[in-house]
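Understanding the architecture of this molecule
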Amino acid sequence: MAEERVGLYPGTFDPITYGHIDITRRAAKLVDRLVIGVAANASKAPLFSLDERVNMVRAETRAVAEQEGVGIEVQPFDDLLMRYAERIGARIIVRGLRAVSDFEYEFQMAGMNAVLNPKVETVFLMADAKYQPIASRLVKEIAAYGGNIDSFIPPRVAQAIQNKIMAERGGYRAG
Ligand code: ADP
């Protein structure tokens, strides 16, 4: 029997957007089992805690797993990516590519990861054109200025951002 094809889709997911969900759906079509690794990434000072991000990714990818008939597991991680991939038996790392701006960084990372572990292949997927411009960072910025973020993230995530912004404003007055 052929070896089970395990894919790992790592990211910060602060928070999960329709772009991430679209990439998850595409990745699910390529593997037998998909692990979404939510990086602690403390250096990026995420808006949402690791637990909050994991829970949101779990809730928003459940339907994808059902629709695609593929097991999707969401886990936090705080390790070297290649070591994590090895630990969970992943041979494929999935990354999304947006614009040219993503390319330089992703190209370097994939290249260095290939040296660290040549058995693991990085594949790049593109989201549907309407989701390509979406970036978590911009969604948070738009929300902070009271803009409408409904086209970029699922309703529950939008609500979570509003709650977070209100809670933060409880402590100080922005602007
Ligand atoms: P990281 O800090 O690892 O870049 P992100 O959560 O920002 O974490 O992104 C995780 C992955 O998802 C990255 O490969 C990123 O390029 C991809 N991604 C995020 N948004 C989109 C999008 N709108 N279209 C395609 N790929 C995306």
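Scope of this entry: the structure provided in the associated data block. Numbers given for residues are sequential positions, taken from 1 along each chain in its written order. Per-residue local features are limited, in this predicted model, to residues with pLDDT of at least 70; the limit for side-chain atom pairs, both in listing and counting, is 80 or more; totals at the level of whole chains, interfaces and linings are taken over all residues. For side-chain calculations, the full set of non-hydrogen atoms in the structure is used, while hydrogens and water are omitted.

Before going further, it helps to spend a moment on the site of the ligand. Residues are counted as near a molecule or strand when any one of their heavy atoms sits within 4 Å of it. Taken together, 20 residues surround the ligand, and among them Tyr9, Thr12, Lys44, Gly96 and Tyr131 come closest. For the purposes of these results, a polar contact is taken to be a pair of N or O atoms within 3.5 Å, where, inside protein, one atom must be able to donate a hydrogen and its partner to accept one; residues adjacent in sequence count only when each atom of the pair is a side-chain atom. Separating an oxygen atom of the ligand from a backbone N or O atom of Phe13 is a distance of 2.9 Å. One of the backbone N or O atoms of Ile134 is found 2.9 Å from a nitrogen atom in the ligand. Method for areas: the Shrake-Rupley scheme with a 1.4 Å probe, in which residue coverage is limited to the protein chains shown. Contact with the protein chains hides 91% of the accessible area of the ligand, taken as 550 Å² for the molecule alone. We count a stretch as a helix when DSSP gives it H or I for four or more residues in a row; a strand needs E for two or more, and each element gets its number in order from the N terminus. Looking at the shell around the ligand, the elements with two or more residues in it are β1 (6-11), α1 (18-28), β4 (92-96) and α4 (100-116). Considered class by class, the residues forming the shell around the ligand number eight nonpolar, seven polar and five charged. Put simply, Ala, Val, Leu, Ile, Met, Phe, Trp, Tyr, Cys and Pro go in the nonpolar bin, Asp, Glu, Lys and Arg in the charged bin, and everything else, Gly too, in the polar bin.

Our next topic: unusual backbone geometry. Looking along the chain, the bond that leaves Asp14 and enters Pro15 is cis, with omega of -5 degrees. Position of Pro15 relative to the elements: it lies in the loop between β1 and α1. The phi torsion at Asn41 lies on the positive side, around 45 degrees, for a residue other than glycine. With phi around 45 degrees, Ala45 is a residue other than glycine that occupies positive phi space. Inspection of the secondary structure assignment puts Ala45 in the loop between β2 (33-39) and α2 (50-68).

The values are spatial; any link to function lies outside them.
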